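# Inside the fold
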Amino acid sequence: MTVAAPIVFVVDDDPPVRRAIKRLIGSVGLQVELFGSALEFLASKRPDAPSCLVLDIRLPGMSGLDCQRELAEANVRLPIIFITAHGDIPMTVRAMKVGAVEFLTKPFRDQDLLDAIQVALERDRARHQEEAEIATLRTHLESLTQREREVLPLVVSGLLNKQIAGEIGTSETTVKVHRSRLMRKMGADSLAELVRLAGRIGIPSTKP
Amino acid sequence: MISANAYLGSYNYSEVARSVFVAIAASYAALDLTGRVTAARGRVRLAWLSGGATALGLGIWAMHFKGMLAFRLPLSVEYHWPTVLASLGVAMLTSAVALYVASRDKMGPVRALAGSVIMGSGIASVHYIGMASMRLPAITRFSPMLVAFSILLAILFSLAALLLAFDLREDTKWTVPRRLGSAVVMGGAVSAMHYTGMAAVSFIPGPPPDLSQAVSISPVGDNGVVIVTLIVILAAITTSSVDRRADAEVRRLNQGLEQRVAERTLQLEAINQALRKEIAERERAEEALRRSDERLQLVIDTLPALVWSKLPDGSADFLNQRFQEYTGLSLAEGLGWDWMRNAFHPDDRLEEEWRAAFAAGEPFEKEARLRRADGAYRWFLLRAAPLRDERGNVVKWYGTTTDIEDRKRAEEALQEAQDKIAHVTRVQAMGELAAAIAHEVNQPLTALVTNANFCLRELARAAPNLGELREAIAEIVSDGTRASAVISRIRALLMKRAPDRVELDINEVIQEVAILVRNEAARSRISLLTDLAADLRIRGDRVQLQQVLINLIMNSIDAMRTLTDRPRQLLIKSAKHADGVLIQVQDSGPGIDPGHADRIFEPFFTTKPEGVGMGLSISRSIVESHGGRLRVIAGSGGALFEFTLPTHIDGAS
């Protein structure tokens, strides 16, 4: 799996500010895309790559906070760094609650912005990776036969082969065969690993 | 007992009948006269008593005399006339007693018995005295039994006569027939007594009598006595009858008179009663009037106001009690005009205005400070109005002077509170302005700092990109200039906080404000247009006028935020005007609700959810303090506010 180059989106209505931020971020080798308003940004097509958003709060038309809400409603989990000329505490609290990475007051220290961008990209990269792993696991799960999919939750719940056989009405030997096959298909070396993997894709243990 | 040798007498029966008739006539007269005697009083009564006694006495006597004459003896009989006269006197006295007794108001049994004894004895005496007057040649013998019987009869008959007379003395319908009947009974009774008495005597032949003073009675004399007696009785009865009629007539007249008097009395009584009622009512009305006067006086004196009235010549003719108490002036001192000069605060210039209104005959109203008796001044509302006659001439002036000190104080307190709010609002406006300014300054500073940081990073590289560095530095210069411009504007706004009237070009003020609000307008996608005429110099406070403009513009921006069906436009216009300079702020928003048009300048009136309602109120005060006027123009699409400011003329301060 190849990971695309990270990208930073910047939304600010003041062109000189936009240009300055692009220059700064570009200097650490990150790709930057600029927008003059929130609507312009929401309308754009974003590449599938680890990314983050540097968002001014006070914007013509839709404000930065409204833009954050729009993204959350569209289930876009993009890390956001807010920048504002004058932010008050309630506004900051509100932004952070909805999951902002950082809230910077203009004019900000360059390192603060770059650090925040690093954190945001790392978070997005991790998210990307997790999403990729889960996608792989789901592919593995789909390669299981019907019978193996029945046996999986019982194995994860810690039942003995004999108990599983009784549960699904077959012989202990057959259960043993299913167990070794599904372990191999899911890519698990041990029962412990199988339980972890199953948890990640939401297969619960059937017994407490 | 009649002795064997007694003379035998005989009766002439026609004579007897005449005697009985005389007795009946006399009885009738007696009964009749009793009524007259009873009815009369005083001398008249005495006259009737005497007259009655004469007639009755004469009648009784005549009957006896006649009865004796009716007795014929075979002898010549003469009469001793003084004895005859004595019997007549006794008859009359007896009659007087009988009449007196029967005519008294009351007749008890004792009195009746005594009366009848006297009367009976009297009649018997008349009879035996009469017999004693006889002169004849014989000895008179009396049978004691018969004599006693005759006296008893006389008393019994007298009793019956008295009772009858008493009973019949009042005049009633059946009186005359009853009297006639009674007279017959009485007459018969008297006759019976007489003839019983006659029977009691017998005449024995004896020596010749002493004939001195004796007369013989001729038949002519005999009849004369009867006739005279009857005439006297008739006269008495006639007189009695006439008197009775007259009396009845008088009584009738009296009754009529009495009735009329009674009627008249009743009428007079009714009139009197009506008069008394009227008098009582008048008294009540007067009492009510007096009470009403007192109540009115009480009202006027208690009214929480100084009340007065003046004659057309300006002299006061009434000052209520409060007036005198408050001012300490007596009625005499309060007359005329002179007291006003000292009583009112000289700054309020009351007297001359009041004199002018008084001279013009116009109602007057003014607030002024009136000095109290202790020298303290309080605010009063003076009101006066003339009363005119039908020709329109002022007859009188009436007025009240009401204490409004407390209201004045409250007004001052309100004014103070409003000033404070105005100050707070202004501070708040400045705060908002500061926030806007901070944003304006922060933008270039952010760009500047970021670019500078970039340069530092770039320079730290082994091989800096010089082209990029040059670009960044050029932007740094540009952003620095931009920030400086913003700061200049802030200084212009903030450095002159204290109201300071200086010569200004209003267009400069408008442009400064336009720069400040341009960003805000752009954010709400409002196009801000200006249309400014040249050379509009005024004298004023720059910050205050900016505050007015910012206020009007921010109102317009707020009003247009939700506008979707037409372009959001804000036009600021300046022009020359008759009053100096005219500035208009017009938007394309929904406009002012006509129902609110006259209230929007009131303090605390607002249509904004978070508005304080002071903006337009303060703006109007500011404009007016500059000698201009701020108003809203109706029917101009969106909202149109305009204000005028007087033109500044060089040289004028």
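Conventions we followed
- Residues numbered from 1 in each chain as written.
- Chains lettered and ligands numbered in written order.
- Predicted model: local features only at pLDDT ≥ 70, side-chain atom pairs only at ≥ 80, totals over all residues.
- Heavy atoms only, no water.
- Helix = DSSP H or I, 4+ residues; strand = E, 2+ residues; numbered from the N terminus.
- Contact = heavy atoms within 4.5 Å.
- Areas by Shrake-Rupley, 256 points an atom, 1.4 Å probe, with all protein chains shown as cover.
- Salt bridge = Lys/Arg side-chain N within 4 Å of Asp/Glu carboxyl O.
- Buried < 20%, exposed > 50% of the residue type's maximum accessible area, 1.4 Å probe, protein only.
- pLDDT = per-residue confidence, 0-100.
- Core = buried A, V, L, I, M, F, W, Y, C linked by side-chain atoms within 4.5 Å.
- Pairing = 2+ DSSP bridges.
- Axes fitted to C-alpha atoms, helices over the stretch in contact; angles between N-to-C directions.

## Section: the overall build of chain B
When you go through chain B residue by residue, the secondary structure sums to 16 helices and 19 strands. Once local pairs closer than 6 in sequence are excluded, the contacts in chain B between residues at least 24 apart make up 72%. Element-wise, carbon and sulfur atoms account for 60% of the exposed surface of chain B, whose accessible area totals about 35000 Å².

## Quick look at the pattern of salt bridges
Residue and element names in this part refer to chain A. Summed over all chains, the structure comprises 45 salt bridges over all chains. We note a salt bridge from Arg147 to Glu150, for which the minimum N-O separation is 3.3 Å. Here Glu150 and Arg147 lie together in helix α6 (residues 146–156), a separation of 3 residues that amounts to about one turn. Look at Arg147 and you get partly exposed, because its relative accessible area is 29%.

## Overview of the confidence of the model for chain B
Averaged over every residue, the pLDDT of chain B is 82; residues scoring 70 or more account for 92%. Here the complex is predicted with pTM 0.38, and the ipTM for its interfaces comes to 0.74.

## Things to note about the nonpolar core
Residue and element names in this part refer to chain B. By size, the foremost hydrophobic cluster in this structure holds 42 residues, and its most contacted members are Ile506, Leu549, Leu552, Ile553, Leu570, Ile583 and Phe643. Elements represented by at least two residues in this core include exactly α12 (405–459), α14 (506–523), α15 (542–560), β16 (569–577), β17 (580–587), α16 (615–625) and β19 (638–645). Not counting residues within four places of it along the chain, the set of residues in contact with Ile506 comprises Leu536, Ile538, Leu545, Val581, Ile583 and Leu645. The next biggest cluster of nonpolar side chains, apart from the first, holds 37 residues, and it includes Ala29, Ile123, Ala183 and Met186.

## Examining the sheet that holds strand β9 (residues 316–319) of chain B
All names here are of chain B. Strand order in the open sheet made by the 5 strands is β9-β8-β12-β11-β10, with antiparallel pairing throughout. Both outer strands of the open sheet, β9 and β10 (364–371), are each paired with one neighbouring strand and no more. Taken pair by pair, the neighbouring strands of this sheet meet at an average axis angle of 25°, ignoring direction. Bridging between strand β8 (residues 306–310) and strand β12 (residues 394–403) involves 5 bridges; their strand directions are antiparallel. Looking at the pairing, Trp308 lines up with Gly399 of β12. Each of β8, β10, β11 (377–388) and β12 is contacted by helix α11 (residues 350–360), which is oriented at about 150° to β10, the strand it contacts most.

## Comments concerning the sheet that holds strand β7 (residues 214–216) of chain B
Residue and element names in this part refer to chain B. What the 3 strands build is an open sheet, ordered β4-β3-β7; its pairing is antiparallel. With partners counted over all chains shown, the strands left at the sheet margins are β4 (134–135) and β7, one partner each. Direction of pairing for strand β3 (residues 78–80) relative to β7: antiparallel, over a ladder of 3 bridges. The residue bridging Tyr79 from the neighbouring strand is Val215, located in β7. Along the sheet, helix α3 (residues 81–102) makes contact with β3 and β7, crossing β3 at roughly 65°.

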